[in-house]
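# Coordinate analysis (summary)
Here is how the chains run, residue by residue.
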Amino acid sequence: MATPLPIRPELQSGTARSQSAVGECHSPWLSHYPACVPAQLEYPEIPAWGFLERAAKDHPQRTACIYYKQQLNYCQLAESARRFADMLVRLGVRPDDKVGILLPNVPEFLVALNGTWMAGAVAVALSPLMVAEEASALLAATGCRVVISLDMLLPLVTGGPHQPEHIVLTTIRDRIPRWKRMLYSLALLKKVGWSQPNQGPVRHSYTEELAQGDSNFTPLLPDSLDRPAFILGTGGTTGRPKAVVLSHRNLVANAHQLHHWAGAAMARDSILAVVPFFHCYGLTTCAMNGMAMAATLIMHHRFVPKTVIGLIEKHEPTVFPAVPTMLVALNSILRSKPIRYRALQYCISGGAPLDPVVGAEFGSLTGAMVVEGFGLSEASPVTHAGPLDGTARAHTIGLPMPDTQAKIVDADTGLLTLPPGEVGELVVKGPQVMLGYWNNPEATSQTIRNGWLYTGDLATCDEDGFFRIVDRKKDLIITSGFNVYPTDVEVVLRGCAGVQDVAIVGIADAQRGELVKAFVVPEAGQRFDRKAFDAFARQHLSKHKVPLVVEVIDGDLPCNFLGKVDRRRLRESAMSPAVAETPQPVPVPIHAVAGAQLR
């Protein structure tokens, strides 16, 4: 059994934590809550799989998820999860073991996620956007013994130095349109090949193993709801690669908060689930919140604007968690081809700042109320959202969730609470705040101080409690809703032949929010080879981290008096596009959520 992760003292009791948070700082936002949203909630004392079990008991025949022509009701989904849990136990998984999930938004993700928890194990999110080196590092850090993967993504699991003992493989070939199946098979052959190697992890068929599983498996209860349930890699708020650890209580609390933010509607809604589940935003707003509501998840494995519009017209979802890039792409189509049905009620935008013009246009084209929210992986992730009663304010991230405290502190020391209107660092506290970073107590203590999560975002709060993000304290880049930490990218790109030094910054882009730009200093006496640089970047970096714009620097990078690269000066110089080389046609991440392999 894995060594228990130390739990912060204030997380020992969810009830006590919630009560102590209220009153610790002024909460003007409570008077602006919609009438249906309580200031404090009673949280269900259930493990993360409890929402699925509850929905299966109360609404067994209700459709839980739709993927192409495949539909599972809640009874079938819960039964499959129990079979999956039984399979894991047969493969030797024990409580607190780690199980990797390398899947796009397909029903198997919901089965594997809940089945992992039912087996008493911890789910580790592996992104299809990773390269093998990144996936291997996360597998090694967490000690994953079993991974469930899409067949097309297998090289990400087997291509690195650390590999699990078992790989459970599934495919989407039998569910995609018939005309795409041959293309899928050819792509699979090119990436994976026909034969199974004699060495490496033991491969298992998801379909065959699930059929042998026991549908009457008794789910295991964690000894504490503050035990780890979900681990996901992140650059964190300090820019160093880390892995966030979320507990059962964290995940249940945030889903419960979102459920009540919408008026605690039960099984009234259907959710358009194209924000990836392997990202904490999609996990909570779609998967967890959907099961808490016993709602129907209308799923697709990647964001394709025309396909998404078709899903909206065919299935008439009522809720759409999105990122701004999605809304920009959908608006461009809907302007000339109006949607036939206007069942969409709410669109919650997160992941990056939302241009109010974009949100307003999407609302007018679909009839949906569009509000902006805010969160970070370290908070499960949602901490703020615009009210859904028509009182949301443009240019703000809305109000803190129930039982969530938030305040603005001075950015230098983080000790002085600032008055309304002043700019400082946003800090938050609530039941959704993570346990910590996996095996990294130093980083945890830097990010969580006296129970407050320091977000690294500069923000303001007005007299009514509406918060607005002003800038980022660190040099985080958000491109198409994905976080890119410059230091991570720079360390990799300095290994490219012919590169002496490199600096990464974000530059504004109407479609993606920001583009990743590289300032490259070639080795003395060598000519910079752009094609070789791009090939190296694509081989060693996730797709959303690959620089789309490259500028060659003659001489040294600008530094401050401490010798650190002055990214502010580089960002200012990046405003002039004339000095930059032409962006290369690298796939846009949000349009390839399951990776280019599924195109």
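Residues numbered from 1 in each chain as written. Predicted model: local features only at pLDDT ≥ 70, side-chain atom pairs only at ≥ 80, totals over all residues. Heavy atoms only, no water.

## So, the pattern of salt bridges
The final tally for this structure, using the stated rule, is 27 salt bridges. Between Glu 45 and Arg 249 there is a salt bridge, with the nearest N and O atoms lying 3.2 Å from each other. Of this pair, Glu 45 sits in the loop between helix 1 (14-21) and helix 2 (50-58) while Arg 249 sits in helix 9 (residues 248-261), placing them 204 residues apart in sequence. Note on Arg 249: relative accessible area 12%, which makes it buried. Close ionic contact of Glu 551 with Lys 517 constitutes a salt bridge, the shortest N to O distance being 2.7 Å. Of the two residues, Glu 551 sits in strand 27 (residues 549-552) while Lys 517 sits in strand 26 (residues 513-522), which places them 34 residues apart along the sequence. By sharing partners, the salt bridges in this structure join Asp 475, Glu 490, Arg 494, Asp 501, Arg 567 and Arg 571 into a single network. (Salt bridge = Lys/Arg side-chain N within 4 Å of Asp/Glu carboxyl O. Helix = DSSP H or I, 4+ residues; strand = E, 2+ residues; numbered from the N terminus. Buried < 20%, exposed > 50% of the residue type's maximum accessible area, 1.4 Å probe, protein only.)

## With respect to the sheet that holds strand 19 (residues 436-437)
Read across the sheet, eight strands follow the order 7-6-5-3-4-8-9-19 without closing on themselves; strand pairing throughout is mixed. If you trace the sheet from one side to the other, it starts and ends with strand 7 (202-205) and strand 19, each paired once. With three bridges connecting them, strand 4 (residues 122-125) and strand 8 (residues 228-234) associate as parallel partners. Looking at strand 8, one finds that Val 124 is bridged to Ile 231. (Pairing = 2+ DSSP bridges.)

## A look at empty space enclosed by the protein
Under the criterion given, the structure shown has four cavities of 30 Å³ or more. Looking at the lining of the second largest cavity, its residues break down into seven nonpolar, four polar and no charged. (1 Å grid on protein atoms, 1.4 Å probe; cavity = no way out; pocket = protein on both sides within 12 Å on 5 of 7 lines; lining within 4 Å. Points joined across faces, edges and corners; volume = space filled by probe spheres on them. Nonpolar A, V, L, I, M, F, W, Y, C, P; charged D, E, K, R; others polar.)

## Section: the sheet that holds strand 27
Here we have three strands laid out as an open sheet, ordered 25-26-27, and mixed in their pairing. With partners counted over all chains shown, the strands left at the sheet margins are strand 25 (499-509) and strand 27, one partner each. If you compare each strand with its neighbour and ignore which way they point, the axes differ by 25 degrees on average. Here ten bridges tie strand 25 to strand 26, and the two strands are oriented antiparallel to one another. Directly across from Ile 504, in strand 26, lies its bridge partner Ala 518. (Axes fitted to C-alpha atoms, helices over the stretch in contact; angles between N-to-C directions.)

## Here's the deal with the nonpolar core
Ranked by size, the top nonpolar core spans 126 residues in total, and within it Phe 84, Trp 117, Phe 230, Leu 251, Phe 277, Met 288 and Leu 426 carry the most contacts. Excluding its chain neighbours within four sequence positions, the residues that come into contact with Leu 251 are Ala 48, Trp 117, Ala 229, Phe 230, Leu 246, Leu 283, Thr 284 and Met 288. Membership of the second largest hydrophobic core comes to 28 residues, among which are Leu 272, Val 308, Ile 312 and Ala 329. (Core = buried A, V, L, I, M, F, W, Y, C linked by side-chain atoms within 4.5 Å. Contact = heavy atoms within 4.5 Å.)

## Looking at a nonpolar patch on the surface
Together, Trp 179, Met 182, Leu 183 and Leu 186 make up an exposed nonpolar region whose accessible area comes to about 500 Å². Looking at Met 182, the relative accessible area reads 55%, which means it is exposed. (Patch = residues over 30% accessible without salt bridge, like charges linked within 9 Å, V, L, I, M, F, W, Y side chains within 5 Å. Areas by Shrake-Rupley, 256 points an atom, 1.4 Å probe, with all protein chains shown as cover.)

## Section: the packing of helix 11 (residues 305-315) against helix 12 (residues 324-334)
Packed helices, taken two at a time, are described by their axes: the angle between them and the distance between them. Following both chains from N to C, one finds helix 11 and helix 12 inclined at 75 degrees, their axes separated by 9 Å at the closest point. When the axes of helix 11 and helix 12 are compared, the pair comes out roughly perpendicular. Contact residues: helix 11 offers Pro 305, Lys 306, Val 308 and Ile 309, while helix 12 offers Ala 329, Leu 330, Ile 333 and Leu 334. Among the residues making up the contact of helix 11 with helix 12, the classes are represented as seven nonpolar, no polar and one charged. (Parallel < 35°, antiparallel > 145°, perpendicular 65-115°, else oblique.)

## A few points about helix 3 (residues 74-90)
Compared with the 24 Å implied by 1.5 Å per residue over 17 residues, the 24 Å span of helix 3 between its first and last C-alpha is a close match. Of all 17 residues making up helix 3, twelve are buried, and the element is well covered by its neighbours. Tyr 74, Leu 77, Ala 78, Ser 80, Ala 81, Arg 82, Arg 83, Phe 84, Ala 85, Asp 86, Met 87 and Leu 88 are the residues of helix 3 that are buried. For helix 3, the N-terminal capping position is held by Asn 73, with its side-chain oxygen 3.1 Å away from the main-chain nitrogen of Cys 75. With its phi angle positive at about 100 degrees, Gly 92 sits one or two positions after the end of helix 3. (Expected span 1.5 Å × (residues − 1). Polar contact = N/O pair within 3.5 Å; in protein donor to acceptor, adjacent residues only side chain to side chain.)

## Quick look at the side chain of Asn 114
Along the chain, the position of Asn 114 falls in helix 4 (residues 107-118). Note on Asn 114: relative accessible area 0%, which makes it buried. Within the local environment of Asn 114, its side chain forms a polar contact with the backbone oxygen of Leu 110, the two atoms lying 2.9 Å apart. Apart from the residues within four sequence positions on either side, Asn 114 is in contact with Ala 48, Trp 49, Leu 52, Ala 81 and Met 291.

## Examining the layout of surface pockets
Considering only enclosed or pocket space, the second largest pocket measures out at about 390 Å³ in volume. Considering the residues around the second largest pocket, the lining is formed by 18 residues, among which Asp 151, Leu 169, Leu 188, Val 192 and Gly 193 are closest to the centre. Among the elements of the structure, strand 6 (166-170), helix 7 (178-192) and strand 7 are those that each provide at least two residues to the lining of the second largest pocket. Among the elements that take part in the lining of the second largest pocket, helix 7 stands out by supplying five residues, more than any other. Across the lining of the second largest pocket, the residue classes tally to seven nonpolar, eight polar and three charged.

## As for the environment of Arg 227
One can find Arg 227 in the loop between helix 8 (206-212) and strand 8. Assessed through its relative accessible area of 12%, Arg 227 is described here as buried. In this structure the C-alpha to C-alpha distance between Arg 227 and Ser 247, which are 20 residues apart in sequence, comes to 5.3 Å. At 2.9 Å, the side chain of Arg 227 and the side chain of Asp 96 are in polar contact.

## Describing the side chain of Asp 566
Considering the arrangement of structural elements, one finds Asp 566 in the loop between strand 27 and helix 17 (567-573). Within the structure, Asp 566 has its side chain in polar contact with the backbone nitrogen of Arg 568 (distance 3.2 Å).

## Observations concerning the confidence of the model for the chain
A low pLDDT means the predicted coordinates there should not be read in detail. Of all residues in the chain, 89% have pLDDT values of 70 or greater, and the mean over the chain is 88. Here residues 1-23 is modelled with pLDDT under 50, and outside its nearest four sequence neighbours on either side it reaches 43 contacts, counting other chains as well. Segment residues 577-599: pLDDT under 50, and 75 contacts once partners within four positions in sequence are set aside and those in other chains are kept. (pLDDT = per-residue confidence, 0-100.)

## Side note on unusual backbone geometry
Residue Pro 381 is reached from Ser 380 by a cis peptide bond, and omega for that bond is 5 degrees. Positive phi outside glycine occurs at His 395, with the angle close to 70 degrees. Within the secondary structure layout, His 395 lies in the loop between strand 15 (382-385) and strand 16 (399-400). Taking relative accessible area as the criterion, His 395 reaches 56% and is therefore assigned exposed. One non-glycine residue, Asp 403, lies in positive phi territory at about 65 degrees. Residue placement: Asp 403 occurs in the loop between strand 16 and strand 17 (405-409). Residue Asp 403 is classed as buried on the basis of its relative accessible area of 3%.

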